[in-house]
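Structural characterization, general
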Amino acid sequence: MRNESRFRIAVLPGDGIGHEVMPACLEVLNAAATRFGAFGLDYDIRPAGAESYRDTGQAMPAETAKAVRRADAILLGAMGLPSVRRPDGTEITPQIDLRVDLGLYAGVRPVSIVNTGAPVLADPRSARADFVLIRESTEGLFASRGKGTVVDDREARETLVITREVSERLFDFAFSLARNRKKSGSRGEVVCVDKANVFTSFAFFRKIFNERAALNPDIGADASYVDAMAMFMVRRPWELDVLVTENMFGDILSDLGAGLMGGLGFAPSADIGDEFAVFQPCHGTAPDIAGQGKANPIAMFLSGAMMLDWLGDRESVAEGRSAANLIQRAVESALRVVQPIEVGGSAGTAAITKTVLDAVASLPLEAPGLA
């Protein structure tokens, strides 16, 4: 066996249930890494979020900001508390700042149906749904965050921003992902989701998409208005492969995708740029159940698996990708045994974590590079 690779992970548990799902995730990551023995994970745990802002006045302390830039990857729990707000009334969201500061333009939101024991869609074909929504994460309507204006208490304005530079990188990322998925049997198609029939900015967005599609003739390309896609995601999700869209539309559609999976507690995500990547569950901090042991840690586990897959590919460590696959299979195995409280079952954080850890320890390993 070759010498062990070691990855430095900046860990930001955040707020609320982040303090519960993050330690559970680190246990699962360690267990998967141990089974392969070809790589190790060094954690640099740092404060950030609403609690940090409340206690110190800093949502992202300077030392935390330095730590994330030193890391090979960033693992984030959940941030924000409704009771902790800035003077303008907005919540504390340093995770959004990270996307902009680190250039994390591709928000990757996988949607695959797992057997939760409580299927959302009645059509049995929905069990085959396995697609990825890519949300541009640095501009769009979110470019106005903190810059909106209210005029004389009679009107408010926000500005949507679409740039060629970011859009080209976003679409190239989408076509590359579709190409990799096609190797595993997916459709090999990217659909641009916009509102090009109404807004000039989205007509520009689609124009750039069509230009990049012409440079990727081996991958299918189509376009859909966002309202039609929202319906299609519910009616025929098994026909989708890769969707790519603007920031706000992606924010909304990714929660719809999480709903198809059974809830936000099952939905992982990543925000990826050319140099850095952050991995975090789609759910929020859930202060109503924080500290009660009820949180579903599955989305955190799957986000950790996405991190291992990304590190394995980026650093040419095949065992990283295989460990990611092991965690995914362990989650699927565990959900045949336990049902999270989120979907009407009785299993809380500890029970789900134990069942996943047991599966990580007992499932047969796949050869590195085949995951």
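Scroll up to find the structure this text is about.
Quick caveat: nothing in here was measured; it's all calculated off a predicted structure.

Now for helix 5 (residues 164-183). The first and last C-alpha atoms of helix 5 sit 29 Å apart over 20 residues, in line with the 28 Å expected at 1.5 Å per residue. Of the residues making up helix 5, those classed as buried are V166, S167, L170, F171, A174, F175, L177, A178 and R181. Along the long axis of helix 5, the arc covered by the buried residues comes to 165°, so they all point the same way. For helix 5, exposure combined with an orientation more than 90 degrees from the buried face picks out E165 and K183. Residues of helix 5 that are buried sit in contact with strand 4 (106-112), strand 5 (130-136), strand 8 (189-194), helix 6 (200-214), strand 9 (220-225) and strand 10 (242-245). The positive-phi residue at the C-terminal boundary of helix 5 is G185, with phi of around 105°.

Our focus in this paragraph is unusual backbone geometry. With a phi close to 50°, D152 is a non-glycine residue in the positive phi region. By secondary structure assignment, the location of D152 is in the loop between strand 6 (149-151) and strand 7 (155-157). With a phi close to 45°, A286 is a non-glycine residue in the positive phi region. The residue A286 is located in the loop between strand 12 (277-281) and helix 9 (298-314) in this model.

For the rest of this paragraph, the subject is the sheet that holds strand 1 (residues 5-14). In spatial order, the strands read 2-1-3-12-11-4-5-10-8-9; together these ten strands make up an open sheet with mixed pairing. Of all the strands in the sheet, just strand 2 (39-45) and strand 9 have a single pairing partner and so form its edges. Put simply, the sheet's adjacent strands are angled 25° from each other on average, direction ignored. Two strands pair when backbone bridges link them, and strand 1 and strand 2 are joined in this way by seven bridges, in the parallel orientation. Bridged to F7 within strand 2 is L41. The sheet contacts of helix 5 involve strand 4, strand 5, strand 8, strand 9, strand 10 and strand 11 (268-272), and relative to strand 5 the element is tilted by about 165°.

So, about the packing of aromatic side chains. The tally for this structure, following the rule as stated, stands at eight aromatic pairs. Both rings, one in F279 and one in W310, keep their centres 5.7 Å apart while their planes meet at 55°; by these two values the pair is tilted. Taken together, the residues span a long stretch of sequence, with F279 in strand 12 and W310 in helix 9 at a distance of 31 residues. W310 matches F279 in its accessibility class, with the two residues each being buried. Three or more aromatic residues link up through ring pairs in this structure, and these residues are F171, F175, F199, F202, F205, F209 and F249. Here R86 stacks its cationic end above the ring of Y53, 5.2 Å away from the centre of that ring.

Procedures and definitions
Residues numbered from 1 in each chain as written. Predicted model: local features only at pLDDT ≥ 70, side-chain atom pairs only at ≥ 80, totals over all residues. Heavy atoms only, no water. Helix = DSSP H or I, 4+ residues; strand = E, 2+ residues; numbered from the N terminus. Expected span 1.5 Å × (residues − 1). Buried < 20%, exposed > 50% of the residue type's maximum accessible area, 1.4 Å probe, protein only. Arc of directions from axis to C-beta. Contact = heavy atoms within 4.5 Å. Pairing = 2+ DSSP bridges. Axes fitted to C-alpha atoms, helices over the stretch in contact; angles between N-to-C directions. Phe/Tyr/Trp six-rings, centres within 6.5 Å; stacked < 30°, edge-to-face > 60°. Lys NZ or Arg CZ within 6 Å of the ring centre and 35° of its normal.

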